[in-house]
Amino acid sequence: MSATRIRRFGAVLAAAAGGTSILLFTRPSIAGNDRGPSPDLVRSQINDSKAVVPSRVVQESALIAANNSNPLDILVIGGGATGCGVALDAATRGLRVGLVEREDFSSGTSSRSTKLIHGGVRYLEKAVFNLDYGQLKLVFHALEERKQAKDRSLKGAVVYYDGQMNDSRLNVGLALTAALAGAAVLNHAEVISLIKDEASNRIIGARIRNNLSGKEFDTYAKVVVNAAGPFCDSVRKLADQNVQPMICPSSGVHIVLPDYYSPEGMGLIVPKTKDGRVVFMLPWLGRTVAGTTDSDTVITLLPEPHEDEIQFILDAISDYLNVKVRRTDVLSAWSGIRPLAMDPSAKNTESISRDHVVCEDFPGLVTITGGKWTTYRSMAEDAVNAAIKSGKLNPSNGCLTQNLRLVGGDGWDPSSFTVLAQQYVRMKRTYGGKFVPGVMDTAVAKHLSHAYGIMAEQVAIIAQNEGLGKRLAHGYPFLEAEVAYCARNEYCESAVDFVARRCRLAFLDTDAAGRALPRIIEIMATEHKWDKSRRKQELQKAKEFLETFKSSKNKQFHDGKHK
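What counts as what
- Residues numbered from 1 in each chain as written.
- Predicted model: local features only at pLDDT ≥ 70, side-chain atom pairs only at ≥ 80, totals over all residues.
- Heavy atoms only, no water.
- Buried < 20%, exposed > 50% of the residue type's maximum accessible area, 1.4 Å probe, protein only.
- Helix = DSSP H or I, 4+ residues; strand = E, 2+ residues; numbered from the N terminus.
- Pairing = 2+ DSSP bridges.
- Disulfide = S-S within 2.5 Å.
- pLDDT = per-residue confidence, 0-100.
- Contact = heavy atoms within 4.5 Å.
- Bend = angle between axes of the 7 residues up to and from the residue.
- Polar contact = N/O pair within 3.5 Å; in protein donor to acceptor, adjacent residues only side chain to side chain.
- Axes fitted to C-alpha atoms, helices over the stretch in contact; angles between N-to-C directions.
- Parallel < 35°, antiparallel > 145°, perpendicular 65-115°, else oblique.
- Left-handed = near helix turned anticlockwise from the far one by under 90°.
- Nonpolar A, V, L, I, M, F, W, Y, C, P; charged D, E, K, R; others polar.
- Salt bridge = Lys/Arg side-chain N within 4 Å of Asp/Glu carboxyl O.
- Phe/Tyr/Trp six-rings, centres within 6.5 Å; stacked < 30°, edge-to-face > 60°.
- Lys NZ or Arg CZ within 6 Å of the ring centre and 35° of its normal.

Turning next to the pairing of strand 8 (residues 202-210). Counting buried positions along strand 8 gives 7 out of 9 residues, so the element sits mostly inside the fold. Hairpin connection, strand 7 (residues 189-197) to strand 8: the antiparallel pair is bridged by 4 residues, and Asn-201 has positive phi, about 65°. Relative to strand 9 (residues 216-226), strand 8 runs antiparallel, the two being bridged by 5 bridges. Counted as the bridge partner of Ala-206 is Thr-219 from strand 9. Hairpin connection of strand 8 to strand 9: 5 residues between the antiparallel strands, including Gly-214 at a positive phi of 85°.

Here you go:
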């Protein structure tokens, strides 16, 4: 058994949790004929604490303007870590880029990870004992990027250091940074068909539906990059119904438990349980994440954990803790689908890799899949290189992303939260309608600083000046001001977008998330001008979403006591 000590990220990733600022947009449209801005100008735009981002209307207009005579260089399908990474990489090379995502940025596998940026202890073990070079290569890629235990049978332990992240906040930060670099990114926009040039038989664009408005339009591109994760075979079938599948989906289930299951800053990994599996407990955002499973599954938009998988995790960790482990302690539970990939061009189709695969099995359609969060940047670089070769594109410079801070990262350091605590108050509305000042306490200030980087001051200003300083849920640092900020500046278009991916309440505590929904929807309705019918629809959809996290069976709060 070994213990994992989790270190806080440095400025690049801690603030990559990313926010951005006001909703005005002054940058020229990507649909113009000019090349992208210089690398220095791109960096200055991203690093500007008053950086501007385009509205959805502007982004959609840019995609529509990319016609057959003036196509994008690259159109990315998929807004997860890899897709947003591809958009950012390509845009910072001076290429004209668009990205569409059927649901929300990070709505799939990228928000359901183990929350680690690590070197892959399991992969190293397989590399050594199975003489598997593919697994060793994955460890190299990862490293480049980068308790309360029973002691009766403990023979020894190893302490090592790892990196931890807020995965969906990092993913949103990637999308926003790509937008600032010149990419037209649009969530809730679904590719319903691919456009093929009849003469050359090459993919030259896509038919897209805005799932919020129902509007459909065509976007043309010299190369389409398929970064749809577990759904990449569905995109490939739009090009050829008879294409050989390359995804072998695997389910990974995680549960969240109270903070006392793991000491602050120290996690625990058991590399081999009684049945040979790996389990871990990691402190994350004030709670404990435990997992995971690795089992065959079917591909679905909203995967759900099974009760037997939840019980397996509980049983496995109970062997190593003095704490009594109970199903009623589970605050949230979720399932993510790992897109384990087979290279369709490989002679041995039995070889399933956790490394990534880049292929172009249909002209003009480059597919990137497999891999892991830790290697998203190098995956994106490989995919853009393949796209440049496929489309004979002319980037203005090479890859910049290895030394590029994401939005909110420049100027951030671990003590940045003190500025918020010292200079701002939280104006809270009482039940009588009056506004009273409240302290910007350390927990809230640290949360805002870690989640939004240098953009946190803009959230604090909203909390202070607009009377949105209340916490959304008891015991959690999330503020009402964040709902307004994300709706204005982070393409947050639904209650689920906020509760699952802008703040992480759905992943931390389904009961608290459910109780916060009415206020979240009230604020979003003001920002997006929702009518009564839309509010009701949002509440219903959010409750259904939380049920996929086993909300009705998780810990609940009644009459001052948890049940």
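Take the state of the cysteines next. What the rule picks out here adds up to 0 disulfides. No disulfide involves Cys-503; its sulfur sits 8.1 Å from that of Cys-486, the nearest cysteine. Accessibility expressed as a relative area gives 2% for Cys-503, which makes it buried.

Once that is clear, we can look at the confidence of the model for the protein chain. Per-residue pLDDT for the protein chain averages 87, and the proportion of residues at 70 or more is 83%. Scored below 50 in pLDDT, residues 1-33 makes 147 contacts in the model with residues more than four places away or belonging to other chains. When the criterion is pLDDT under 50, residues 559-563 qualifies, and its contacts beyond four places in sequence or with other chains add up to 8 contacts.

Moving on to helix 17 (residues 510-528). Its axis deflected by about 45° at Leu-517, helix 17 carries its strongest bend there, up to four residues before the proline Pro-518. Among the residues of helix 17, Thr-510, Asp-511, Ala-512, Ala-513, Ala-516, Leu-517, Ile-520, Ile-521, Ile-523, Met-524 and Ala-525 are the ones counted as buried. At the N-terminal boundary of helix 17, the capping side chain belongs to Asp-509, with an oxygen 3.1 Å from the backbone nitrogen of Asp-511. Downstream of helix 17 by one or two residues, Lys-529 has phi in the positive range, about 60°.

Moving on, we come to the packing of helix 4 (residues 81-91) against helix 10 (residues 376-391). Running from amino to carboxyl end, helix 4 crosses helix 10 at an angle of 60°, the nearest separation of the two axes being 8 Å. Looking at the two axes, helix 4 sits oblique to helix 10. Both helix 4 and helix 10 take part in a crossing whose hand is right-handed. On helix 10, the residues that touch Ala-81, Thr-82, Gly-85, Val-86, Asp-89 and Ala-90 of helix 4 are Tyr-376, Met-379, Ala-380, Glu-381, Ala-383 and Val-384. Partitioned by chemical class, the residues of the contact of helix 4 with helix 10 number 8 nonpolar, 2 polar and 2 charged.

Turning our eyes to something else, we now look at the environment of Val-330. Within the element layout of this structure, Val-330 appears in the loop between helix 9 (307-318) and strand 15 (332-341). On the basis of relative accessible area, Val-330 is assigned to the buried category, the value being 0%. Counting along the chain gives 74 residues from Val-330 to Val-256, while the straight-line C-alpha distance between them is 5.8 Å. The contacts of Val-330, once residues within four sequence positions are left out, are Ile-255, Val-256, Leu-257, Ile-310, Leu-314, Asn-554 and Lys-555.

This part covers helix 4. For helix 4, the tally of buried residues reaches 11 of 11 residues, placing the bulk of the element in the interior. On its buried face, helix 4 sits against strand 2 (72-77), strand 3 (97-101), helix 7 (167-180), strand 9, strand 17 (365-370) and helix 10.

Under the defined criterion, the tally for this structure stands at 30 salt bridges. Note that Glu-216 and Arg-209 form a salt bridge whose closest N and O atoms lie 4.0 Å from each other. By relative accessible area, which is 27% here, Arg-209 ends up partly exposed. Residue Arg-338 is joined to Asp-294 by a salt bridge in which the shortest nitrogen-to-oxygen separation is 3.3 Å. You can see Arg-338 sitting in strand 15 and its partner Asp-294 sitting in the loop between strand 13 (287-291) and strand 14 (295-296), a full 44 residues away along the chain. Among the charged side chains, a network of salt bridges with common partners joins Asp-104, Arg-169, Glu-490, Asp-497, Arg-501 and Arg-502.

Moving on to the packing of helix 12 (residues 442-452) against helix 14 (residues 480-489). One can describe the packing of helix 12 onto helix 14 by two numbers: an axis separation of 12 Å at closest approach and a directional angle of 15°. Classified by the angle between their axes, helix 12 and helix 14 sit roughly parallel to one another. Both helix 12 and helix 14 take part in a crossing whose hand is right-handed. In this structure, helix 12 contributes His-447, Leu-448 and Tyr-452 to the contact, and helix 14 contributes Glu-482, Tyr-485 and Cys-486. Of the residues belonging to the contact of helix 12 with helix 14, the class tally is 4 nonpolar, 1 polar and 1 charged.

Here we take up the side chain of His-356. Along the chain, the position of His-356 falls in strand 16 (residues 356-362). Looking at His-356, its side chain comes within polar contact range of the side chain of Asp-355, at 3.2 Å.

Moving on: the packing of aromatic side chains. Inspection of the entire model under this criterion finds 8 aromatic pairs. Each ring, one from Trp-373 and one from Tyr-376, has its centre 5.5 Å from the other, and the planes form 75°; the classification is edge-to-face. With respect to burial, Trp-373 and Tyr-376 carry one shared label: buried. Positioned above the aromatic ring of Trp-284, the side-chain terminus of Lys-115 is 4.9 Å from the ring centre. One Lys or Arg, Arg-169, reaches over the ring of Tyr-452 and ends 4.3 Å from the middle of that ring.

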